[in-house]
Amino acid sequence: ELFRIPRPPHRLPLLGDVLGASRRTPLQDSLRFARELGPIFRRRAFDREFVFVWGSELAADMADEARFAKHVGLGVANLRPVAGDGLFTAYNHEPNWQLAHDVLAPGFSREAMAGYHPMMLAVADRLMDHWDRALTAGRSVDVPGDMTKLTLETIARTGFGHDFGSFERSRPHPFVTAMVGTLSYAQRLNTVPWPFLLRRAARRNEADIAHLNDTVDDLVRARIADGPGDGDLLDRMLGTSHPQTGERLCAENVRRQVITFLVAGHETTSGALSFALHYLSRHPDVTARARAEVDRVWGPTATPGYDQVARLRYVRRVLDEALRLWPTAPAFAREAREDTVLGGAHPMRRGAWALVLTAMLHRDPEVWGADAERFDPDRFDPKAVRTRAPHTFKPFGTGARACIGRQFALHEATLVLGLLLRRYEFRSDPAYRLRVTERLTLMPEGLRLNLDRRAAAP
Ligand code: HEM
């Protein structure tokens, strides 16, 4: 069944296609192979064979929930020791998935989001204080580092009433260091034939997981001692029973969910904001338009209300376009629920799976045109969106297991971009060339910007 799927030509018996590919950039290597091999291809690593899909028609077929479901494999499966049966890493058949989904989904309703808005503003204020100090001192800012501080504080405060004090630290919070360690380790596990080759890294990973657990256990203990907060995610995890079955999450599962949300809730949003700021700094025309929109919709000084964020239509398109070129969760896996034929051509047995290469789907010239590599937010104006084929823009995955935090991320990121556009001019270093680091998620490496206060700004 596999034989008709193209694969790279030079294969070594043991190393597969690994040679000539960098262990540090498996996703960007796959993009290169994709361009050579077409809309569906396979790669071999050691004794394993992986199928990649990115052509828009095949990807749309895989979005059919009647025939396909999320597959917990590769990087996601490697995170099981950290996140267990938490929402992101749960197998479809695990009862805790539906239970946690039903208990936590109301935490992302419009009403809940409106409640998070003032906290998101307060964290954004801390970022801007931090940036004002850099500006006064004539220092450039570390964009991914600062966006990570911002998004970690946002999810910690809104979800768990917790303050990591990220902006008061000169180095990343140890929680972030441990998280980056576990994500990088999970990615590296895919690139070695035998995990024992990573013995030393495995020990460090154990220590990182222990640190994550300890942080979370402290946070949960404090909440139980202090009593319920204001109905945040942690209150729901600890106190809400399922509306139909009356079941509650057990203590071990709460721990897994807290880690899941602290990690999934900030790493990808931080990357999305960082890529968007990179593109803004390189496209003065786009920046001018986005800034004019913020001035018009929010006015020069007023604190934006919850409803005013979604009204930044163009800023949102900037974000969508950044997520098109660099979807910060760059792939997701789908498995066949029953024996089926993918795209009418590729038979798949029940349980067989493939990776949807979102980062390449988002560059399919048949959908996005010959200039797919160009940054252009107008691709997301309503008319363009209406006329595009469905399932061609998937930064948040698809179906029942798509991102539960999508609205949260978009609200937070649009709010922050609006505030930054209103307050600062961004000057990029002309010598900077975008380099993308991979640790399952994507992040622009070494991106720094110089800031100026806008003349008309408050
Ligand atoms: C799932 C992307 C922000 C929590 C997913 C998936 C993707 C994704 C692609 C599906 C993964 C798969 O199919 O294996 C993103 C991106 C974000 C973002 C690009 C930011 C720009 C967030 C935020 C939260 C969050 C802010 C929480 C506050 C989750 C959870 C899941 C998930 C819990 C698992 C859902 C389930 O399986 O039921 N995300 N995400 N994400 N995301 Fe996000």
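Cut-offs used in this document
Residues numbered from 1 in each chain as written. Predicted model: local features only at pLDDT ≥ 70, side-chain atom pairs only at ≥ 80, totals over all residues. Helix = DSSP H or I, 4+ residues; strand = E, 2+ residues; numbered from the N terminus. Rg over C-alpha atoms; globule rule 2.2 N^0.38 Å. Buried ≥ 20, exposed ≤ 12 C-beta atoms within 10 Å, placed from the backbone. Contact = placed C-beta atoms within 7 Å. pLDDT = per-residue confidence, 0-100. Pairing = 2+ DSSP bridges. Near = placed C-beta within 6 Å. Axes fitted to C-alpha atoms, helices over the stretch in contact; angles between N-to-C directions. Parallel < 35°, antiparallel > 145°, perpendicular 65-115°, else oblique. Nonpolar A, V, L, I, M, F, W, Y, C, P; charged D, E, K, R; others polar. Core = buried A, V, L, I, M, F, W, Y, C linked by C-beta atoms within 7 Å. Expected span 1.5 Å × (residues − 1).

### Digging into the overall build of the protein chain
Next, step 1: From N to C terminus, the protein chain includes 19 helices and twelve strands.
Next, step 2: Taken over the C-alpha trace, the protein chain has a radius of gyration of 22 Å; the compact-globule value for 458 residues is 23 Å, and the two agree within 12%.
Next, step 3: Principal axes of the C-alpha set define a box for the protein chain whose edges measure 65 × 55 × 45 Å.
Next, step 4: The buried share among the 458 residues of the protein chain stands at 43%.
Next, step 5: At a minimum sequence separation of 6, the contacts of the protein chain that also span at least 24 residues come to 74%.

### Details of the confidence of the model for the protein chain
Low pLDDT marks stretches whose predicted atomic positions should not be read closely.
Next, step 1: On average, residues of the protein chain score 92 in pLDDT, and 96% of them reach the 70 mark or higher.
Next, step 2: ipTM for the predicted complex: 1.00, alongside a pTM of 0.95.

### Quick word on unusual backbone geometry
Next, step 1: Phi is positive for histidine 391, which is not a glycine, with a value near 60 degrees.
Next, step 2: Checked against the element boundaries, histidine 391 lands in the loop between α18 (382-387) and α19 (406-423).
Next, step 3: In the Ramachandran plot, leucine 440 falls in the positive-phi region, its phi being about 70 degrees despite a non-glycine side chain.
Next, step 4: Among the secondary structure elements, leucine 440 is positioned in the loop between β10 (436-439) and β11 (441-444).

### Quick notes on the environment of arginine 427
Next, step 1: If you trace the backbone, arginine 427 turns up in strand β9 (residues 424-428).
Next, step 2: Taking the number of C-beta atoms within 10 Å as the measure of exposure, arginine 427 has 12 and is therefore exposed.
Next, step 3: For the pair arginine 427 and threonine 182, spaced 245 residues apart in the sequence, the C-alpha separation amounts to 34 Å.
Next, step 4: Apart from the residues lying within four places of it in its own chain, the contact partners of arginine 427 are Leu449, Asn450 and Asp452.

### What about the pairing of strand β8 (residues 353-356)?
Side-chain direction in a regular strand flips from residue to residue, so the side chains alternate between the two faces of the sheet.
Next, step 1: Across two bridges, strand β2 (residues 48-53) lies against β8 in parallel orientation. Paired with valine 53 across the two strands is valine 356, which belongs to β8.
Next, step 2: Inspection of the sheet shows strand β5 (residues 332-336) paired to β8 by four bridges, in the antiparallel sense. Looking at β8, one finds that phenylalanine 332 is bridged to valine 356.

### Considerations on the site of the ligand
Next, step 1: Taken together, 27 residues are adjacent to the ligand, and Gly265, Phe332, Gly397, Cys403 and Gly405 come closest.
Next, step 2: Those elements that place two or more of their residues in the shell around the ligand are α11 (251-264), α12 (267-282) and α19.

### A look at the sheet that holds strand β4 (residues 141-142)
Next, step 1: Read across the open sheet, the three strands follow the order β4-β12-β9; overall the sheet is antiparallel. What marks the edges here is a single partner per strand, and that holds for β4 and β9.
Next, step 2: Pairing between β9 and strand β12 (residues 448-453): five bridges, direction antiparallel. Bridging from a neighbouring strand, phenylalanine 426 pairs with leucine 451 of β12.
Next, step 3: Where α12 meets the sheet, its contacts fall on β9 and β12, and the angle it forms with β9 comes to roughly 85 degrees.

### Things to note about the sheet that holds β2
Next, step 1: The five strands lie next to each other as β1-β2-β8-β5-β3, forming an open sheet whose pairing is mixed. The strands lining the two open edges of the sheet, one partner per strand, are β1 (40-45) and β3 (68-70). Strand after strand, the sheet turns through a mean of 35 degrees between neighbouring axes, direction not considered.
Next, step 2: Docked against the sheet, helix α1 (residues 26-37) engages β1 and β2, running at close to 135 degrees with respect to β1.

### Re the packing of helix α13 (residues 284-298) against α19
Next, step 1: Between α13 and α19, the shortest axis-to-axis distance is 9 Å and the interhelical angle comes to 100 degrees. The angle between α13 and α19 places the two elements in the roughly perpendicular class. Facing α13, whose interface residues are Thr287, Ala290, Arg291, Val294, Asp295 and Trp298, α19 presents Gly418, Leu421 and Arg422.
Next, step 2: Residue composition of the contact of α13 with α19, by class: four nonpolar, two polar and three charged.

### Topic: the nonpolar core
Next, step 1: Judged by nonpolar contacts, the single largest core of 109 residues is most densely connected at Val53, Ala276, Leu319, Leu357 and Leu417.
Next, step 2: Beyond its immediate chain neighbours, meaning those up to four positions away, alanine 276 contacts Val318, Leu319, Ala322 and Leu417.

### A word on helix α9 (residues 199-226)
Next, step 1: When the terminal C-alpha atoms of α9 are compared, their 41 Å separation across 28 residues agrees well with the 40 Å that a helix rising 1.5 Å per residue should span.
Next, step 2: Of all the positions in α9, only Asn205, Asp208, Leu212, Thr215, Val216 and Arg223 are classed as buried.
Next, step 3: Along its buried surface, α9 packs onto α4 (80-83), α8 (174-188), α10 (233-239) and α11.
Next, step 4: Immediately downstream of α9, the backbone of glycine 227 shows phi near 85 degrees, a positive value.

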